[in-house]
Amino acid sequence: MLSASWMYEMDLSQLIRRDVYEWEIPMRGAMRVPGIIYASQDLIRAMDDKVLEQTANVAMLPGIVSASYAMPDAHWGYGFPIGGVAAFDAEEGGVVSAGGVGFDISCGVRCLHTGVDLDELKQKQVVLADGLYRGIPAGVGSTGKISLSDREMTEMLTGGAAWAIAQGYGRAEDLARIEENGRMQGADPKAVSAHARRRQRDEMGTLGSGNHYLEVQIVSEIFDKKIANVFAIAEGDVVVSIHCGSRGLGHQIGTEYLKEMAQSAAGLGIALPDRELACAPIHSPLAQRYLGAMRSAINCALANRQVITHLTRQVFSEVFGRELQLPLLYDVSHNTCKVEEHLVGGTKMNLHVHRKGATRAFGLDHPDLPQELKAAGQPVLIGGSMGTASYVLAGTGMEIAFGSACHGAGRAMSRHAAKKRWQGRKLVDQLAGRGILIRSPSMRGVAEEAPGAYKDVSSVVDAAQEAGLARVVAKLLPLVCVKG
Amino acid sequence: MVQNSTDPVGWEHFDHDADVGVRGIGVTQAQAFEQAALALTSIVTQIESVEPRQRIDISAENGDPELLFVDWLDALIFEMATRRMLFSRYKVDIEGERLSARAWGEPVDVNRHQPAVEIKGATLTELKVEEQDEGQWLAQCVVDV
């Protein structure tokens, strides 16, 4: 193993406990603002030291505002921690970082109501699992049915989910339940390379692999009835959650701009604490090109989840023998950089907010929310791991961490360790014994994604609520999981 | 994971919270790059299951040897993604800033290869290309999966 030089020991005496669930990394060295981690004592003890190091490193970047934040599910990323939130002020030399968004740009979770009840679902569970597995391409080397020409690709990159709907994948009312109304403004397809386009050409409407999935879930518990009513979910409801991102296009954009930012940082006068923090001043042509490409990738992710939604609706309607609408509860992204208005020390500011492995969690009455959700706050969709619970939360406000919350569980164990410990086939059988049907092309992939290889998402969600990041509304348990 | 830790030639994975580190060791920089590429394949499938039936050529150029390594892995990741292929044999030549390489492999066969995960890209995290002792080169970084 590596003999890395830790900047911090995971020694809690290095931190100031501001509150039960709020830990401060005090300013030192080149830090411009403090670091703040929201977590229980148990969660923070279990975090890799690298989370502290990376949170502190982000605090050294030019133009950072208020603090460098880490969510309760934070873990070691590249440059920024996964579960990191940081906002930058363009007028103070603020930066945009490709590593602060990550490679799977706009990876996110979309949740659909099904209107199917549990008894009916149980009767058709096997047929449904097989139908979803056949109908939604998943896994390494899989291709979608849509192959885009260069012109169609350009339209998709500016149109997002709205483009997909215009092509017949879904209904216009879906858009209101997607961040940015399903179409990210400011996309610049010219900033997307031929390589990135090539990588996407046959990947529209594919799930991908790794921790991406499509799950049929049951609402097993409601924690906040009032908000659940607004979200139109009740105990016993069957829902579908789709977790995937911008596929090859986003990966290629992340890859290319990370390197370009690393190679130009010195020329742009930015002293980086580590090359992996590669970034560019917001006003620089490089940052503007990146933002244009990244927004195109956001549209790609939104279009991709929209196509998968359409395929899911087709399978459900076919399996249950009637037209099922499967309306959206919501669609959230958790790897983005967005320009947002925030109140900082009483002053309204337009900030470039990076959320890497963190979701928006806008509070009550936020203008970006559709009218019918304003009384509840934004739905925050938290994916668990295969075979474990997922959660629906609601945003509480904009004051904490720029209106952000956690995004998932985070790995507790490497892929290698998981592969040695579990056998895919046995796991599939065990989960089937518990009423959870797994469908995947790769048993090795299943072993590496074993439920036990992930941290307990419940403790992450509890910490998010206790820290005031979001309110827990409902718990979802899996019935079917299609895994890449 | 290193086949034999006293062997001057080999590869291994190293742990990272969400992702995986690839490390190649060789008597030359080029050989360390070849070994790291084997570590890359091994994230997806068992190297032995991939038949070196088809050859593709790759070239890259970068004045920074560490970024040249990232370019090399990224080029492979691009070929794997767009050709839907896996590779099990590599031959790398490096002259100054230029890398030219050949990779042998075959199209993904889901049943036979049981591909575990697709690789999104190489990162600059734990990135190192260096001659540690005479005739012992190391090339490594974390890749996003």
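Here the structure is a predicted model, which means the values were calculated and not measured.

Undergrad: Before we move on, could you go through the overall build of chain B and cite the residues and values that matter?
TA: On a plain count of helices and strands, chain B comes out with 3 helices and 8 strands. Counting from the amino terminus, chain B carries its helices and strands in the arrangement β-β-α-β-α-β-β-α-β-β-β. Whereas a compact globule of 145 residues would reach a radius of gyration of roughly 15 Å, chain B reaches 14 Å, a difference of no more than 12%. Looking at the 145 residues of chain B, the share that counts as buried comes to 65%. Here the analysis covers contacts within chain B between residues at least 6 apart in sequence; of these, 61% occur between residues at least 24 apart. With an accessible surface of roughly 5,500 Å², chain B has 40% of that area assigned to carbon and sulfur atoms. For chain B, the distance from the average site of its 12 positive side-chain charges to the average site of its 27 negative ones is 9 Å.

Undergrad: Tell me about the sheet that holds strand β2 (residues 22–25) of chain A, and name the residues and values.
TA: All names here are of chain A. Strand order in the open sheet formed by 7 strands is β1-β2-β3-β4-β5-β13-β12, with mixed pairing between adjacent strands. The outermost strands of the open sheet, each flanked by one partner alone, are β1 (16–19) and β12 (335–344). Neighbouring strand axes in the sheet, compared pairwise and without regard to direction, differ in orientation by 40° on average. Pairing between β1 and β2: 3 bridges, direction antiparallel. The partner of D19 across the bridge, within β2, is E22. Contacting β2, β3 (35–38), β4 (68–78) and β5 (80–88), helix α2 (residues 49–58) crosses the sheet at an angle of about 105° to β4.

Undergrad: Before we move on, could you go through the interface of chain B and chain A and cite the residues and values that matter?
TA: On the side of chain A, 46 residues touch chain B, which itself brings 46 residues to the contact. Between chain B and chain A, a total of about 4,100 Å² is buried, with carbon and sulfur atoms accounting for 55% of that surface. In this assembly, chain B and chain A are joined by 8 salt bridges. The shortest N-O distance in the salt bridge between A:E203 and B:R84 comes to 3.8 Å. Our count for the chain B to chain A interface comes out at 22 residue pairs in polar contact (both at pLDDT 80 or more). Of all the secondary-structure elements, those providing two or more residues to the side of chain B that touches chain A are β1 (10–15), β2 (20–26), α1 (29–44), α2 (65–83), β6 (121–122) and β8 (136–144) of chain B. Here the side of chain B that touches chain A gets 9 residues from one element, more than from any other, and that element is α2(B). Classifying every residue of the side of chain B that touches chain A by side-chain character gives 21 nonpolar, 12 polar and 13 charged.

Undergrad: Describe the packing of aromatic side chains, and please don't skip the residues or the numbers.
TA: Throughout the structure, instances matching the rule amount to 9 aromatic pairs over all chains. The rings of A:Y38, A:Y69 and A:F402 are connected pair by pair, giving a single aromatic cluster. Against the face of A:Y78 rests A:K356, its NZ or CZ located 3.7 Å from the ring centre. Just above the ring of B:W104 sits the side chain of B:R89; from NZ or CZ to the centre is 4.1 Å.

Undergrad: Could you give an account of helix α4 (residues 125–135) of chain A, with specific residues and numbers?
TA: Residue and element names in this part refer to chain A. Of all the positions in α4, only Q125, L128, A129, G131, L132 and G135 are classed as buried. Projected down its long axis, α4 carries its buried residues within an arc of 165°, all on one side. Against the buried residues of α4 lie α3 (118–123), β8 (213–222), α9 (285–320), β18 (437–439) and β19 (470–483).

Undergrad: Can you tell me about the packing of helix α8 (residues 247–264) of chain A against α2(B), naming the residues and giving the values?
TA: Packing of α8(A) against α2(B) brings their axes to within 11 Å, and their N-to-C directions diverge by 170°. Here α2(B) runs roughly antiparallel to α8(A), going by the angle between their axes. The residues of α2(B) that touch α8(A), namely those facing A:Q252, A:T255, A:K259 and A:Q263, are B:L67, B:V70, B:D71, B:D74 and B:F78. A per-class count over the contact of α8(A) with α2(B) returns 3 nonpolar, 3 polar and 3 charged.

Undergrad: Describe the pairing of strand β16 (residues 390–395) of chain A, naming the residues involved and giving the relevant values.
TA: Residues and elements named next belong to chain A. The buried fraction of β16 amounts to 6 of the 6 residues, a majority that puts the element mostly inside the structure. Burial of the side chains of β16 extends over both faces: S390, V392 and A394 are buried on one face and Y391, L393 and G395 on the other. Two elements, strand β15 (residues 379–382) and β16, share 4 bridges in a ladder whose sense is antiparallel. Bridge pairing in β16 links I382 to Y391. As defined by bridge partners, β16 adjoins β19 across 6 bridges and the pair is classed as antiparallel. Its bridge partner lying in β19, L393 is registered against V472.

Undergrad: How would you summarise the pairing of β5(A) if you had to cite specific residues and measurements?
TA: Residue and element names in this part refer to chain A. Judged by how many residues are buried, β5 sits mostly within the fold: 9 of 9 residues are covered. In this structure, β4 lies alongside β5, joined through 4 bridges in antiparallel fashion. Each residue of the ladder has a partner; that of Y78, found in β5, is F80. Between β4 and β5, which follow one another and run antiparallel, lie 1 residue, and G79 among them has a positive phi close to 85°. Bridge count between β5 and strand β13 (residues 347–356): 5 bridges; the pairing is antiparallel. Counterpart to A87 in the pairing with β13 is V353.

Undergrad: Give me helix α11 (residues 424–433) of chain A: which residues, what numbers.
TA: Residues and elements named next belong to chain A. Taken together, the buried positions of α11 are occupied by G424, L427, V428 and L431. Taken end-on, α11 shows its buried residues confined to a sector of 100°, consistent with a single buried face. Structural note: α11 exposes K426 and G433 on the side pointing more than 90 degrees away from its buried face. Structurally, α11 contributes buried residues whose contacts are with β18 and α12 (443–448). Positive phi shows up at G435, right after α11, with a value of about 85°.

Undergrad: Got a sec to walk through the sheet that holds strand β4 (residues 85–95) of chain B? Specific residues and values, please.
TA: Residue and element names in this part refer to chain B. One open sheet accounts for 3 strands, arranged β3-β5-β4; its pairing is antiparallel. In the strand order of this sheet, the two ends are held by β3 (54–61) and β4, each with one partner. Across the sheet, the mean angle from the axis of one strand to that of its neighbour is 20°, orientation sign disregarded. Here β3 pairs with strand β5 (residues 98–107) via 8 bridges, running antiparallel. By the bridge assignment for β5, E61 is matched with R98. Most of the contacts of α1 go to β4, to which it runs at about 165°, and overall it touches β4 and β5.

Undergrad: Which residues make up the side chain of A:H342, and what are the values?
TA: Residues and elements named next belong to chain A. Its location among the elements puts H342 in strand β12. The exposure class of H342 is buried, given its relative accessible area of 3%. Within the local environment of H342, its side chain forms a polar contact with the side chain of E340, the two groups lying 2.7 Å apart.

Conventions and cut-offs
- Residues numbered from 1 in each chain as written.
- Chains lettered and ligands numbered in written order.
- Predicted model: local features only at pLDDT ≥ 70, side-chain atom pairs only at ≥ 80, totals over all residues.
- Heavy atoms only, no water.
- Helix = DSSP H or I, 4+ residues; strand = E, 2+ residues; numbered from the N terminus.
- Rg over C-alpha atoms; globule rule 2.2 N^0.38 Å.
- Buried < 20%, exposed > 50% of the residue type's maximum accessible area, 1.4 Å probe, protein only.
- Contact = heavy atoms within 4.5 Å.
- Areas by Shrake-Rupley, 256 points an atom, 1.4 Å probe, with all protein chains shown as cover.
- Lys, Arg positive; Asp, Glu negative; His and termini not counted.
- Charge placed at Lys NZ, Arg CZ, Asp CG, Glu CD.
- Pairing = 2+ DSSP bridges.
- Axes fitted to C-alpha atoms, helices over the stretch in contact; angles between N-to-C directions.
- Buried area = accessible area lost by both parts, 1.4 Å probe.
- Salt bridge = Lys/Arg side-chain N within 4 Å of Asp/Glu carboxyl O.
- Polar contact = N/O pair within 3.5 Å; in protein donor to acceptor, adjacent residues only side chain to side chain.
- Nonpolar A, V, L, I, M, F, W, Y, C, P; charged D, E, K, R; others polar.
- Phe/Tyr/Trp six-rings, centres within 6.5 Å; stacked < 30°, edge-to-face > 60°.
- Lys NZ or Arg CZ within 6 Å of the ring centre and 35° of its normal.
- Arc of directions from axis to C-beta.
- Parallel < 35°, antiparallel > 145°, perpendicular 65-115°, else oblique.

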